[in-house]
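Structural overview for review
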Amino acid sequence: MPKKSYIAVNVIIAVLCFVLQYNRFNLFKFMNASPMFPLGFLIILSMFLSELSSFVWGVLFGIIVDSFSTTALGFNSIIFPLFAFLVSFIVHYLFNNNIMSSAVLTVSCCLVYFTVRFLIFFPSVSAKDTLSYIIRAAIPSAIITAVFSVLLYLFEKKIFKNQMAPR
Amino acid sequence: MRFFFRSRQFRIIITVFLVVAIISLSFAFVGSRMTPFTDVAGIITAPFRNAYTVIESEISDFVTAYRSGNELMIKNSELSSEINELREKVAEYDKTKSENEFYKKYLGIKEENPDFKFTPATVISHDGLDQFGGFTINKGSASNIKVRDIVISDEGLVGIVSELGTTTAKITTVLSPEVTLGALDGRTNDSGIVSGNIQLSEDNLCRFSNLSRSCSVAIGDYVVSSGEGIFPDGILIGTVSNIGSDKYNNSIYADIVPFVNFKELRNVMIITDFNGKGGLTPAGDK
């Protein structure tokens with residue numbers, strides 16, 4: 001598959017992720033947990049791209065998420081490229097590129113994302129409420145996102161089969 | 001790995017990251033403005049989001065019509081075609097009727113409060129990750145909207161404008177702990193403070209607290225804004241659903257079910273001006 005087709009396929013998946021994330025139906029909401037599709041997809045994509053490419057995708061995703069998210073103020077524009085770069089870096093130097101790594105990285109990034117976001121945007125909330133949020137919303141959300149990411153990983157692995165960035 | 005940190009690629013990443021981070025943080029700390037990148041992304045994506053909202057509404061209407069149609073078909077299978085025809089007419093009629101009611105109610109609010117200046121807006125995206133039902137609207141600073149302007153619907157108080165772009169704005173609802181306002185019990189005039197918290201928001205509730213122990217608030221009472229702070233007085237907030245006392249037994253609180261269903265909101269009104277606006281602004285706001 002030529003490079004342009006990879007980009008086109010990934011842009012389509014990204015658009016689908018945004019449509020799934022920001023609609024009134026909240027189709028994948030389970031109790032208080034709601035998956036973060038764009039972040040899940042970015043993590044999987046970063047596992048197959050170079051650090052610089054991942055970073056560029058991270059910046060674009062962050063800016064778009066910021067334009068949709070109600071708790072933004074540039075937060076996603078900063079944290080998305082950071083996650084994209086770190087995931088790409090970790091996969092190339094520390095982890096193996098396999099399904100287990102994708103699940104571990106998605107859960108870790110989502111947990112950090114949800115917790116930091118909550119602490120920054122709701123600083124006046126008590127420690128008890130914050131803990132309640134982490135247990136009842138952040139952890140289940142991270143797990144749901146990981147389930148979605150694992151499926152995406154299998155798909156991306158297929159299309160990136162022989163196209164891993166040379167090291 | 002060591003070579004990577006010395007590479008040109010890494011320097012580019014660090015430079016771009018610093019530029020994005022500095023611009024984002026400086027805009028965040030100066031007047032709750034969207035960053036230029038987000039603003040441009042908002043402007044570019046706004047037409048698509050508007051189009052998507054229309055499609056989303058159509059799907060929602062179709063599903064509702066389909067469900068109600070199914071019930072009727074079970075009862076009157078031989079009249080199914082007739083029902084379909086009628087349903088289409090009813091859907092059209094309901095749409096027109098609800099639109100009329102929507103504007104009629106605003107007209108009522110406008111007549112009661114001639115000092116209010118409204119800007120109508122449409123909800124263009126809901127943030128599923130926002131525990132407090134926040135959403136984005138299709139109007140921004142270009143429509144003379146400002147941060148902390150009050151947002152209402154035909155049913156009652158929705159929240160405030162928390163972040164502003166040129167053609168879009170983010171709304172924080174009354175379910176959020178970030179929104180606090182003075183309120184009165186509509187029947188007894190007992191005063192207190194309405195604010196949200198994370199646990200109540202899960203049940204779509206907010207709390208009317210700091211009520212005196214001698215107050216006569218009762219379940220079913222209407223709660224309205226008292227006019228303290230940035231909110232005008234007399235805006236409907238919700239009904240009292242539960243009454244309790246704080247853990248030190250010093251004051252009474254009441255849980256409120258807001259009149260507005262935040263997840264179903266499609267159209268809202270922004271109160272851009274009213275008599276007494278700016279009388280009390282939070283520290284740091286100009």
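Being a predicted model, the structure only gives us computed values, none of them experimental.

Criteria and thresholds
Per chain, residues are indexed from 1 in the order of the written sequence. Chain letters start at A and ligand numbers start at 1, both assigned in the order the entries are written. Since the coordinates come from a predicted model, pLDDT governs what is reported: local features require at least 70, and pairs of side-chain atoms require 80 or more to be given and counted, while whole-chain, interface and lining totals use all residues. At least two DSSP bridges between two strands are needed for those strands to be called paired. Strands are runs of DSSP state E lasting at least 2 residues, helices are runs of H or I lasting at least 4, and numbering of each runs from the N terminus. With axes taken as lines fitted to C-alpha atoms, and helix axes fitted only over the stretch in contact, angles between N-to-C directions fall between 0 and 180 degrees. As a rule, residues whose C-beta atom has 12 or fewer other C-beta atoms within 10 Å are exposed, those with 20 or more are buried, and those in between are partly exposed; C-beta atoms are placed from the backbone. Working definition: the nonpolar core is a set of buried Ala, Val, Leu, Ile, Met, Phe, Trp, Tyr and Cys residues, joined through C-beta atoms within 7 Å. Residues are scored as being in contact if the C-beta atoms we place from backbone atoms lie within 7 Å. In this scheme the handedness of a crossing depends on how the near helix is turned from the far one: anticlockwise by less than a right angle means left-handed, clockwise means right-handed. Under the scheme applied, nonpolar residues are Ala, Val, Leu, Ile, Met, Phe, Trp, Tyr, Cys and Pro; charged residues are Asp, Glu, Lys and Arg; polar residues are all the others, including Gly. Per-residue confidence from the predictor is reported as pLDDT, which spans 0 to 100.

1. Examining the pairing of strand S1 (residues 117–126) of chain B
Two faces make up the sheet, and in a regular strand the side chains alternate between them. Residue and element names in this part refer to chain B. Both S1 and strand S12 (residues 267–273) contribute to a ladder of six bridges, which runs antiparallel. Among the inter-strand pairings, Lys117 is bridged to a residue of S12, identified as Asp273. Sheet analysis places S1 next to strand S2 (residues 135–137), joined by three bridges and oriented antiparallel. In the strand pairing of S2, Val123 is matched with Ile137.

2. Brief notes about the sheet that holds S1(B)
Residues and elements named next belong to chain B. Strands sit in the order S1-S2-S5-S4-S3-S12 around a closed barrel of six strands; the barrel is antiparallel. Each adjacent strand pair in this sheet contributes to an overall mean axis angle of 40°, direction not counted. One ladder, built from three bridges, connects S2 with strand S5 (residues 169–173); its direction is antiparallel. Bridge pairing in S5 links Ile137 to Ala169.

3. Some points on unusual backbone geometry
Residues and elements named next belong to chain B. Phi is positive for Asn144, close to 70°, though the residue is something other than glycine. Mapped onto the fold, Asn144 is located in the loop between S2 and strand S3 (150–152). The exposure class assigned to Asn144 is partly exposed, which follows from the 13 C-beta atoms found within 10 Å.

4. Some details on the nonpolar core
Judged by nonpolar contacts, the single largest core of 53 residues is most densely connected at A:Leu42, A:Ile43, A:Phe83, A:Ala84, A:Val87 and A:Cys109. Listing elements by their share of this core, those giving two or more residues are helix H1 (3–21), helix H2 (37–46), helix H3 (51–68), helix H4 (75–93), helix H5 (99–121) and helix H6 (127–159) of chain A together with helix H2 (8–29) and helix H3 (36–75) of chain B. With 11 residues, H4(A) is the single largest residue contributor to this core. Excluding its chain neighbours within four sequence positions, the residues that come into contact with A:Ala84 are A:Leu42, A:Ser46, A:Ser54, A:Phe55, A:Trp57 and A:Gly58.

5. Some remarks on the packing of H2(A) against H4(A)
Residues and elements named next belong to chain A. Relative orientation of the contacting elements H2 and H4 amounts to 35°, with a least axis distance of 8 Å. When you trace H2 past H4, the crossing you get is right-handed. Facing Leu42, Ile43 and Ser46 of H2, the residues of H4 in contact are Phe80, Phe83, Ala84, Val87 and Ser88. Looking at the contact of H2 with H4 residue by residue, the class counts come to six nonpolar, two polar and no charged.

6. A short note on the environment of B:Ser216
All names here are of chain B. In this structure, Ser216 sits in the loop between strand S8 (206–211) and strand S9 (222–226). Classification of Ser216 as partly exposed rests on a count of 13 C-beta atoms within 10 Å. The sequence separation of Ser216 and Thr172 amounts to 44 residues, and the corresponding C-alpha distance is 30 Å. The residues contacting Ser216, other than those within four sequence positions of it, are Thr188 and Asp190.

7. Observations regarding the confidence of the model for chain A
On average, residues of chain A score 85 in pLDDT, and 95% of them reach the 70 mark or higher. Averaged pLDDT values over the elements of chain A bottom out at 86 in H1(A) and peak at 93 in H2(A).

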